[in-house]
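# Overview (structure and organization)
Okay, here's what each chain looks like letter by letter:
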Amino acid sequence: MKKIAGFILGCLFAFLFAGATPLLAQDAAVNDLIIAGVVRNKDSRKKLENVNVSVVGTNIGTVTNADGTFSLKVTEAEAYRGLEVSHIGYLNTRLSLEELERRNELTVWMTPAPNLLNEIVVYGNNPRVIVEEAIRKIPQNYAGSDNMLTAFYRETVQKRRRYISVSEAVTEVYKTAYSDREADRDRVRLLKGRRLLSPKLSDTLSVKVIGGPNLSIYLDIVKNGDALLSMGNLDYYEFFMEEPVNLDNRMQYVISFRPRVSLMYALFIGKLYIDYEKLSFTRAEFALDMANRAKAVQAILHKKPLGLRFKPQEVTYLVAYKQQGEKTYLNYIRNVIRFKCDWKKKLFSASYTAFSEMVVTDRTEHVSGAIPYKASFKEKQIFYDVVDEYWNEDFWKDYNIIEPTESLEHAVDKLRKTIGHAE
């Protein structure tokens, strides 16, 4: 049970602290098309973050960044299918190839969806019963065979407001069928990665906190029964019914939860989104309970130098799933850890933010073989130790990624200049 607090990431963030492109642009190198644009709220005109953008009828997709922008590389044949754009609380938007070609710069307008949920009859108003039934339905609602996911992973570290580390990779994620809800045989393999680290001595502070590319295994709370969603774990929480929302043109129960007992390790506070008809988990937003800071430190801190005081401020998680056909699949994961560090004999502390996200950009069903253990990313490996110090415009080629935000682009430029001067 300590896996739920420890918890689910299983490998290490190790931190050494010492607009849109033209729409349907042609990528000559791979003869693909680049569909790029920005997604906005039709009423407020606000840019929307973490919007799912996918090619209709395929497993190919990405999500928008904090600036609401996205870029998707597709073949000409795939482009003819058009795009589908979905986000929590909004009606889905579909764009045909004709609509895409009509604009020099693509802006996708999303309409807020009304919360029209029929009266709950079968389960009354008991949120715990709904969660239990959704757990029972996991084998029929999720993949019944092995899947191989292609995913883009990024992690960044900020010291106060300044980026001091940026690392990225394209990974393969092997997942066995969801029927047994065991993650022991699921594995991650790095296909290609790069990094930039600050060379400043003032950024040097060796701290290791839980995180890394294996979050696509351990944070998949539907697949990993030890994470959160098991019948035994439900006894530690109390559940409350919230206002329903629309996601993917389907109404969702929204059920909040919080600890009802005190254990030797930290529990979570959050919300579960459950499809009204299928009773499948579509989204989970939760945070580590910070009521007891000592338990929070135990949950996320792996190693620190002697004499350093580590003070966690916030640990949050977002796990999103997407329905395709009759099944629901893992789509996006985000983890944010905010903490402060200071030395016992110094007056001032420094604030840090560790951010990681993973988006599934493609998926293959009925795969013939698993990722060999020797080729997989191990729990105790350090992400930036196994990727190259290499950064250029053409690095990703035909891979789909999460577009960097404007602030991250500037940070990369600054880090590259700093590294250039140091050399």
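Quick notes on the rules
- Residues numbered from 1 in each chain as written.
- Predicted model: local features only at pLDDT ≥ 70, side-chain atom pairs only at ≥ 80, totals over all residues.
- Heavy atoms only, no water.
- Pairing = 2+ DSSP bridges.
- Helix = DSSP H or I, 4+ residues; strand = E, 2+ residues; numbered from the N terminus.
- Axes fitted to C-alpha atoms, helices over the stretch in contact; angles between N-to-C directions.
- Salt bridge = Lys/Arg side-chain N within 4 Å of Asp/Glu carboxyl O.
- Buried < 20%, exposed > 50% of the residue type's maximum accessible area, 1.4 Å probe, protein only.
- 1 Å grid on protein atoms, 1.4 Å probe; cavity = no way out; pocket = protein on both sides within 12 Å on 5 of 7 lines; lining within 4 Å.
- Points joined across faces, edges and corners; volume = space filled by probe spheres on them.
- Nonpolar A, V, L, I, M, F, W, Y, C, P; charged D, E, K, R; others polar.
- Core = buried A, V, L, I, M, F, W, Y, C linked by side-chain atoms within 4.5 Å.
- Contact = heavy atoms within 4.5 Å.
- Polar contact = N/O pair within 3.5 Å; in protein donor to acceptor, adjacent residues only side chain to side chain.
- Phe/Tyr/Trp six-rings, centres within 6.5 Å; stacked < 30°, edge-to-face > 60°.
- Lys NZ or Arg CZ within 6 Å of the ring centre and 35° of its normal.
- Patch = residues over 30% accessible without salt bridge, like charges linked within 9 Å, V, L, I, M, F, W, Y side chains within 5 Å.
- Areas by Shrake-Rupley, 256 points an atom, 1.4 Å probe, with all protein chains shown as cover.
- Lys, Arg positive; Asp, Glu negative; His and termini not counted.
- Charge placed at Lys NZ, Arg CZ, Asp CG, Glu CD.
- Arc of directions from axis to C-beta.
- pLDDT = per-residue confidence, 0-100.

## Comments concerning the sheet that holds strand β7 (residues 83-86)
Pairing within the open sheet is antiparallel, and its 4 strands lie in the order β5-β4-β7-β8. Of all strands in the sheet, those bounded by a partner on one side alone are β5 (61-63) and β8 (93-95). Between one strand axis and the next, the sheet turns by 20° as a mean value, whatever way the strands run. As judged from the 3 bridges shared by β7 and β8, these two strands associate in the antiparallel manner. Note on β8: the bridge partner recorded for Glu84 is Arg94.

## Some details on the pattern of salt bridges
Throughout the structure, instances matching the rule amount to 21 salt bridges. Between Arg154 and Glu357 there is a salt bridge, and its shortest N-O distance comes to 3.6 Å. Of this pair, Arg154 sits in strand β10 (residues 147-159) while Glu357 sits in strand β22 (residues 350-365), and the two are 203 residues apart along the sequence. For the pair Arg154 and Glu357, one class covers both residues: buried. A salt bridge links Arg363 to Glu365; the shortest N-O distance between them is 3.3 Å.

## Description of empty space enclosed by the protein
A volume near 220 Å³ is recorded for the largest cavity. At the level of secondary structure, the elements contributing two or more residues to the lining of the largest cavity comprise β16 (250-259), β18 (281-288), β20 (308-324) and β21 (327-343). Of the residues forming the lining of the largest cavity, the biggest block, 4 residues, is contributed by β20. Across the lining of the largest cavity, the residue classes break down as 6 nonpolar, 8 polar and 5 charged.

## What to know about the nonpolar core
Here is a general trend for soluble globular proteins: nonpolar side chains tend to be buried in one another's company. Val131, Ile221, Val222, Ile274, Phe281, Phe286 and Leu288 are the most contacted members of the largest nonpolar core, which totals 70 residues. Sequence-distant contacts of Phe281, defined by excluding residues within four places in its chain, comprise Val131, Ala134, Ile135, Ile138, Tyr142, Val222, Leu229, Leu272, Tyr273, Ile274, Tyr321 and Thr328. Membership of the second largest hydrophobic core comes to 21 residues, among which are Ile35, Val53, Val85 and Met110.

## Re the side chain of Asp220
Within the secondary structure layout, Asp220 lies in the loop between α6 (215-218) and α7 (231-234). Residue Asp220 is classed as buried on the basis of its relative accessible area of 0%. Reaching out from Asp220, the side chain makes a polar contact with the side chain of Lys175 at a distance of 3.0 Å. When neighbours within four sequence positions are excluded, Asp220 is seen to be in contact with Lys175, Tyr178, Leu215, Tyr321, Leu330 and Ile333.

## A word on the packing of aromatic side chains
In the structure shown here, the tally under the stated rule is 13 aromatic pairs. Here Phe286 and Tyr317 contribute two aromatic rings whose centre-to-centre distance is 5.2 Å and whose plane-to-plane angle is 25°, an arrangement assigned as stacked. Of this pair, Phe286 sits in strand β18 while Tyr317 sits in strand β20, and the two are 31 residues apart along the sequence. Here the basic side chain of Lys223 rests over the ring of Tyr178, its NZ or CZ set 5.4 Å away from the ring centre.

## Description of unusual backbone geometry
Not every positive phi belongs to a glycine, and Arg45 is a case in point at roughly 65°. Summarising the element assignment, Arg45 is placed in the loop between β3 (32-41) and β4 (52-55). We note that Arg181 has phi near 55°; this positive angle belongs to a residue other than glycine. Topologically, Arg181 is positioned in the loop between β11 (162-175) and β12 (187-197).

## Points about the side chain of Arg283
Secondary-structure assignment places Arg283 in strand β18. When its relative accessible area of 12% is taken as the criterion, Arg283 is described as buried. A polar contact is formed between the side chain of Arg283 and the side chain of Glu285, at a distance of 2.7 Å. Setting aside anything within four residues of it in sequence, one finds Arg283 in contact with Ile88, Lys271, Leu272, Tyr273, Leu318, Val319, Ala320 and Tyr321.

## Brief notes about a negative patch on the surface
A cluster of like negative charges, contributed by Glu393, Asp394, Glu406, Glu409 and Asp413, occupies part of the molecular surface. Tracing the backbone through its elements, the reader meets Glu406 in helix α9 (residues 406-422). For Glu406, a relative accessible area of 47% translates into the label partly exposed.

## What about helix α8 (residues 293-300)?
Taken together, the buried positions of α8 are Lys295, Ala296, Ala299 and Ile300. Taken around the axis of α8, the buried residues stretch over an arc of 120°, which confines them to a single face. Away from the buried face of α8 by more than 90 degrees, exposed residues Ala294 and Gln298 are located. Sitting at the amino-terminal end of α8 is Asn292, which places a side-chain oxygen 3.1 Å from the backbone nitrogen of Ala294.

## Focus on the confidence of the model for the protein
Considering every residue of the protein, the mean pLDDT works out to 85; 86% of them sit at 70 or more. Here residues 1-22 scores under 50 on pLDDT; set against residues more than four positions off or in separate chains, the count is 106 contacts.

## Focus on the environment of Lys192
Inspection of the secondary structure puts Lys192 in strand β12. Distance from Lys192 to Asp388, taken between C-alpha atoms, is 8.6 Å for residues 196 residues apart in sequence.

## Structural notes on the pairing of β11
Taking burial as the measure, the 14 residues of β11 include 13 buried ones, the bulk of the element. Direction of pairing for β10 relative to β11: antiparallel, over a ladder of 13 bridges. When the bridges of β11 are listed, Asn147 appears paired with Lys175. Here β10 hands over to β11 after 2 residues, with Arg160 in that stretch at a positive phi of 55°.

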